[in-house]
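Architecture at a glance
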Amino acid sequence: MQALVIVAHGSHLNPDSSTPTYDHADTIREVGAFDEVRTGFWKEEPSIREVLRTVESDEVYVVPLFISEGYFTEQVIPRELRLDGWDVADWDSDGLSATHVTLPAEDVPEKTVHYCGPVGTHEAMTDVIVRRAESVTEDPNVGDGFGLAVVGHGTERNENSAKAIEYHAQRVRDMDRFDEVQALYMDEEPEVDDVTDYFDADDIVVVPLFVADGFHTQEDIPEDMGLTDDYRTGYDVPTEVDGHHIWYAGAVGTEGLMADVVLERAADAGADIGDALEVVRERTRKTPLAGD
């Protein structure tokens, strides 16, 4: 038997924080790729510390629903899972290339835990960003005449925070689909506050590389970009700012195709998922856009 465990941050203050995690778990559960699919959270129940005890399978694939490598993926999650012998050096990562490490867990030594890198640094995330642009514009062919901004938090405390943003912005740029592609940040330069300064295109799609919609994506970023003076009054999509039309997409992690990235991570670690990838891609990519 094999199990998939999706671990995420969660929130005591935002009940919607865990919704994408549950949604992607449900999607994967429906395609029958694993005997069990479980979720665990840092700030909600069931906790990461206890989640392995809820699993009956001998082989467990743990996929962090986080954007970048750093404190949570390298310290908090391995500690809470009680991974025996964990050493971040085993990932041999440059901040983008963590794949998986196979270790026992102290609390459940009879189980083999395949601890995977975060979804945010997997190459499949690039497709989710593009799909998010398609969803918000209601155009499956969006690109020509549009700019795309990939937005991250950014922080001087963790250089890896920006690496995932730059990585996916460059991958989209290499597709030669959008007229312009720019990585922007909340807490470092170039800042999302000045989004219109970085584009010549009249239409700009803004996709935040966040797992769930919350304080940053629903309040800070819309106000910082000038979509509204008060997030509580709402804003139009698109909204005209400085002569540009801003198509604000909200958190990338709410896109259904994210389930594909979770499966990719588990498959890379050796999970036998059959044709689940193809089924999930087919189902999520065929989800009707609002204008279809």
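What you are looking at is a predicted structure, and each value in this text was computed from that prediction instead of being measured. (Residues numbered from 1 in each chain as written. Predicted model: local features only at pLDDT ≥ 70, side-chain atom pairs only at ≥ 80, totals over all residues. Heavy atoms only, no water.)

Examining the side chain of N14
Along the chain, N14 turns up in the loop between β1 (2–8) and α1 (19–30). Note on N14: relative accessible area 19%, which makes it buried. A distance of 3.0 Å separates the side chain of N14 from the backbone oxygen of D213, its partner in a polar contact. Contact partners of N14, with chain neighbours within four places excluded, come to E44, D213 and G214. (Helix = DSSP H or I, 4+ residues; strand = E, 2+ residues; numbered from the N terminus. Buried < 20%, exposed > 50% of the residue type's maximum accessible area, 1.4 Å probe, protein only. Polar contact = N/O pair within 3.5 Å; in protein donor to acceptor, adjacent residues only side chain to side chain. Contact = heavy atoms within 4.5 Å.)

Here we look at the packing of aromatic side chains
Per the counting criterion, the structure on display carries 10 aromatic pairs. Taken together, a centroid distance of 5.2 Å and an interplanar angle of 70 degrees make the contact between Y71 and F72 edge-to-face. Accessibility expressed as a relative area gives 22% for F72, which makes it partly exposed. On the numbers, 5.5 Å between centres and 80 degrees between planes, the contact of W86 with Y115 is edge-to-face. Pair noted here: W86 is in the loop between α3 (71–81) and β4 (100–104) and Y115 is in strand β5 (residues 112–116), with a separation of 29 residues, a long-range link. Put simply, the rings of W42, F66, Y71 and F72 pair up and form one aromatic cluster. (Phe/Tyr/Trp six-rings, centres within 6.5 Å; stacked < 30°, edge-to-face > 60°.)

Brief notes about the layout of surface pockets
The calculated volume of the largest pocket comes to roughly 1,100 Å³. Forming the boundary of the largest pocket are 38 residues, of which H9, F72, H153, F210 and H216 lie nearest the centre. Elements with a contribution of two residues or more to the lining of the largest pocket: α3, α5 (160–175) and α6 (215–225). (1 Å grid on protein atoms, 1.4 Å probe; cavity = no way out; pocket = protein on both sides within 12 Å on 5 of 7 lines; lining within 4 Å. Points joined across faces, edges and corners; volume = space filled by probe spheres on them.)

Let's talk about the sheet that holds strand β6 (residues 146–152)
Reading across from one edge, β7-β6-β8-β10-β9 is the order of the 5 strands in this open sheet, with mixed pairing throughout. Where the open sheet ends on each side, the last strands, each with one partner, are β7 (180–185) and β9 (239–241). With strand direction ignored, the average angle separating the axes of adjacent strands in the sheet is 30 degrees. Strand direction decides the pairing type here: β6 and strand β8 (residues 203–208), joined by 6 bridges, are parallel. Its bridge partner lying in β8, L148 is registered against V205. Across the sheet, helix α4 (residues 125–137) lies against β6, β8 and β10 (244–248), angled at about 125 degrees from β8, the strand it touches most. (Pairing = 2+ DSSP bridges. Axes fitted to C-alpha atoms, helices over the stretch in contact; angles between N-to-C directions.)

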